[in-house]
Amino acid sequence: MTYEEFREEIRKLVASNRYPSLKSYTLPALWIAEKNFPRIDAEIMRIIAAELQIPLIEVEEAARFYAMFHTEPKGKYIIRVCTNLSCMLNGAEEIVKELKKLLGIEVGQTTPDGLFTLEEYECMGLCDGAPALTVNEERFLRVKKEELPQILKKFGWQGE
Ligand code: FES
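Predicted, not measured: the structure shown is a model, and the values here were computed from it. Along each chain, residue indices are assigned from 1 in the same order as the chain's sequence is written. Totals for whole chains, interfaces and linings use all residues, but because this is a predicted model, local features are given only for residues with pLDDT of at least 70 and pairs of side-chain atoms are given and counted only at 80 or more. Excluded from the side-chain calculations are hydrogens and water; all other atoms, namely the structure's heavy atoms, are used.

1. What to know about the pairing of strand E1 (residues 77–82)
Phase 1: Buried residues are those whose accessible area, probed at 1.4 Å on protein chains only, stays under 20% of the maximum for their type, while exposed residues exceed 50% and partly exposed ones sit between those limits. Helix and strand assignments follow DSSP, with helices taken as H or I runs no shorter than four residues and strands as E runs no shorter than two, numbered in order from the N terminus. Taking burial as the measure, the six residues of E1 include six buried ones, the bulk of the element.
Phase 2: Neither face of E1 is exposed, since Tyr77, Ile79 and Val81 on one face and Ile78, Arg80 and Cys82 on the opposite face are all buried.
Phase 3: Inspection of the sheet shows E1 paired to strand E2 (residues 116–121) by six bridges, in the parallel sense. Paired with Tyr77 across the two strands is Phe116, which belongs to E2.
Phase 4: Both E1 and strand E3 (residues 133–135) contribute to a ladder of three bridges, which runs antiparallel. Strands are treated as partners if at least two bridges between them are detected by DSSP.

Have a look at this one:
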């Protein structure tokens, strides 16, 4: 998506009249950016601020506050491992440790080939499937450490 196409998307979103005020389109607009750009950069934030007629700082704060938005370059696939209580009690720590080992990165980092970003995440509402992780939109429940290579391979991992 180009910046101009993005601006058009924001205009269409606002024209939908789905939300009560221009400001309340901030998160939906950021979500469109998150899905269509490698990162939410300064120009994207400027477009949102201009289209929604709100101060740039408000867009910046929202983009940096919510973990689902990336202001730094991210991998093609974002692996999010829930590390809240249910998942922690069911082995999330071991899952994170194994993923760090397999991918050779720390939490918050992206693999050098740009394929995977590893993140720890708050409860995803999948507690009955703990430990849970997602790769972009796909969910994996009751994940076992031994299943991780197979999961990664599905997304193009070349390891092992
Ligand atoms: S605690 Fe992990 S999904 Fe709820």
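2. Some points on the domain arrangement of the protein
Phase 1: A domain assignment, automatic or from a database, supplies the domain bounds used here. Each assigned domain of the protein is listed here: domain 1 (3–65) and domain 2 (77–154).
Phase 2: Distance from the C-alpha centre of domain 1 to the C-alpha centre of domain 2: 29 Å.

3. Quick look at the pattern of salt bridges
If the charged atoms of two oppositely charged side chains come close together, the side chains can form a pair.
Phase 1: A carboxyl oxygen of Asp or Glu within 4 Å of a side-chain nitrogen of Lys or Arg is what we treat as a salt bridge. Evaluated as defined, the whole model comprises 14 salt bridges.
Phase 2: Two residues, Glu94 and Lys145, come together in a salt bridge whose shortest N-O distance is 3.7 Å. On the criterion of sequence distance, the pair formed by Glu94 in helix H6 (residues 92–103) and Lys145 in the loop between strand E4 (138–140) and helix H7 (148–154) is long-range, its members being 51 residues apart.
Phase 3: Residue class for Glu94 comes out partly exposed when judged on its relative accessible area of 44%.
Phase 4: Exposure remark for Lys145: the relative accessible area of 30% places this residue in the partly exposed category.
Phase 5: Put simply, Lys100 and Glu106 hold a salt bridge, and the shortest N to O gap is 3.4 Å.
Phase 6: In this structure Lys100 comes out as partly exposed when scored by relative accessible area, which is 27%.

4. A look at the packing of helix H1 (residues 3–15) against helix H2 (residues 26–36)
Phase 1: Fitted lines through C-alpha atoms give the axes, limited to the stretch in contact for helices. The angle between two N-to-C directions lies from 0 to 180 degrees. Their axes nearest at 10 Å, the elements H1 and H2 cross at an angle of 145°. Seen from above, H1 lies across H2 with right-handed handedness. Contacts between H1 and H2 pair Phe6, Glu9, Ile10 and Leu13 from the former with Pro28, Ala29, Ile32 and Ala33 from the latter.
Phase 2: Side-chain classes are defined by residue name, with Ala, Val, Leu, Ile, Met, Phe, Trp, Tyr, Cys and Pro counting as nonpolar, Asp, Glu, Lys and Arg as charged, and the others, Gly among them, as polar. Residue composition of the contact of H1 with H2, by class: seven nonpolar, no polar and one charged. By the definition used in this description, the sense in which the near helix is turned from the far one sets the handedness, with an anticlockwise turn below a right angle giving left-handed and a clockwise turn giving right-handed. In this description, contact between two residues means that some pair of their heavy atoms is separated by no more than 4.5 Å.

5. Things to note about helix H3 (residues 42–52)
Phase 1: Every buried residue of H3 is listed here: Ile44, Met45, Ile47, Ile48, Ala49, Glu51 and Leu52.
Phase 2: Of the residues flanking the start of H3, the one acting as N-cap is Asp41, its side-chain oxygen 3.2 Å from the backbone nitrogen of Glu43.
Phase 3: Residue Gln53 follows H3 closely and has a positive phi angle near 55°. Whenever a nitrogen or oxygen atom comes within 3.5 Å of another N or O atom, the pair is scored as a polar contact, on the condition that within protein one atom can donate a hydrogen and the other can accept it, and that pairs from neighbouring residues in sequence are kept only if both atoms are in side chains.

6. Quick look at the packing of aromatic side chains
Phase 1: Ring geometry is summarised as follows: Phe, Tyr and Trp rings, the Trp one being its six-membered ring, pair when their centres sit within 6.5 Å, and such pairs are stacked at plane angles under 30 degrees, edge-to-face over 60 and tilted between the two. Evaluated as defined, the whole model comprises nine aromatic pairs.
Phase 2: Between Tyr19 and Tyr25, the ring centres sit 5.0 Å apart and the planes meet at 85°, which makes this aromatic pair edge-to-face.
Phase 3: On the basis of relative accessibility, which here comes to 33%, the residue Tyr19 falls in the partly exposed class.
Phase 4: Taking the relative accessible area as the measure of exposure, Tyr25 reaches 2% and is therefore buried.
Phase 5: One aromatic cluster in this structure is built from Trp31, Phe65, Tyr66 and Phe69.

7. Looking at H2
Phase 1: The complete set of buried residues in H2 reads Thr26, Pro28, Ala29, Leu30, Ile32, Ala33 and Glu34.
Phase 2: Looking at the buried side of H2, the elements it contacts are H1, H3, helix H4 (56–65) and E1.

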